[in-house]
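Structural overview for review
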Amino acid sequence: MRKVVFMMSVSLDGFFAGADGGLEWQSVDAELHCHFNQWLGAAGAFLDGRVTYELMAGYWPTADADPAASAEVAGFARIWRDMPKIVYSRTLERADWSTTVVRDVDPTEIRALKAQPGGDLVLGGASLADTFRQHDLIDEYRIYIQPVLLGQGRPLFQPSRASAALQLAESRTFGNGVVLLRYIRA
């Protein structure tokens, strides 16, 4: 059975975006990009909220057309473009690049997706992850701790009554100081 895997980069003080929504503080070097490409290239689909989808769609569809693009960037552009995507949005009318727009998170539909063959379902977007967490649909958390303190911004997790016992499955330190903490359900 496929898993729903939530991945997100976060500052050491727990923010996934700066106070202005910016992400420029994230450090993604060739080593980390290769890690992302290897892991995400084997995924079955991306499940994103509208904001995450629009952020990705604003850059990745043509990133490999830039002659200055690194091999890692070009590789991820192909992965992103070709990967089936589901974007959860009540306002987005249509989406391109192998994307299906779905209005609401239906736990029964998510469980049916998990039962299909293929790679894991990669969940992106903090607000969407909160919804999935409320429905107890996240099987794995991949949190990439960035070596920066932002002081303020958008916190990764909102207060919730939903709790989950987790078990550390992996920790890895990258050369640029980013640390992956991978947790699975206990």
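The notes below deal with the structure included here. No experiment lies behind these values; they were computed from the predicted model shown.

This brings us to the overall build of the protein. The secondary structure content of the protein amounts to five helices and 10 strands. Taking 186 residues into account, the globule formula puts the C-alpha radius of gyration at 16 Å, and the protein, at 16 Å, falls close to it. With the C-alpha coordinates of the protein rotated into their principal frame, the extents come out at 45 × 35 × 30 Å. For the protein, buried positions account for 46% of its 186 residues. Counting contacts in the protein only where the partners sit at least 6 residues apart, residues at least 24 apart contribute 70% of the total. Accessible surface, the protein: about 9500 Å² in total, of which carbon and sulfur atoms supply 53%. On the protein, the mean spot of the 18 positive side-chain charges and the mean spot of the 22 negative ones are 6 Å from each other.

Let us look at the packing of aromatic side chains. Considering all chains together, one arrives at nine aromatic pairs under this definition. Ring plane angle 70 degrees and centroid distance 6.2 Å describe the contact between Tyr141 and Phe157, whose orientation is recorded as edge-to-face. With a gap of 16 residues between them, Tyr141 in strand E7 (residues 140-146) and Phe157 in the loop between strand E8 (153-155) and strand E9 (166-173) connect regions that are remote in the sequence. The class for Phe157 is partly exposed, based on a relative accessible area of 35%. Each residue in the set Phe6, Tyr141 and Phe157 is aromatic and connected to the rest through ring pairs, giving one cluster. One residue, Lys85, lies across the ring of Trp80, its end atom 4.4 Å from the ring centre.

Parameters at a glance
Residues numbered from 1 in each chain as written. Predicted model: local features only at pLDDT ≥ 70, side-chain atom pairs only at ≥ 80, totals over all residues. Heavy atoms only, no water. Helix = DSSP H or I, 4+ residues; strand = E, 2+ residues; numbered from the N terminus. Rg over C-alpha atoms; globule rule 2.2 N^0.38 Å. Buried < 20%, exposed > 50% of the residue type's maximum accessible area, 1.4 Å probe, protein only. Contact = heavy atoms within 4.5 Å. Areas by Shrake-Rupley, 256 points an atom, 1.4 Å probe, with all protein chains shown as cover. Lys, Arg positive; Asp, Glu negative; His and termini not counted. Charge placed at Lys NZ, Arg CZ, Asp CG, Glu CD. Phe/Tyr/Trp six-rings, centres within 6.5 Å; stacked < 30°, edge-to-face > 60°. Lys NZ or Arg CZ within 6 Å of the ring centre and 35° of its normal.

Without other data, these values stay purely geometric and don't point to any function.
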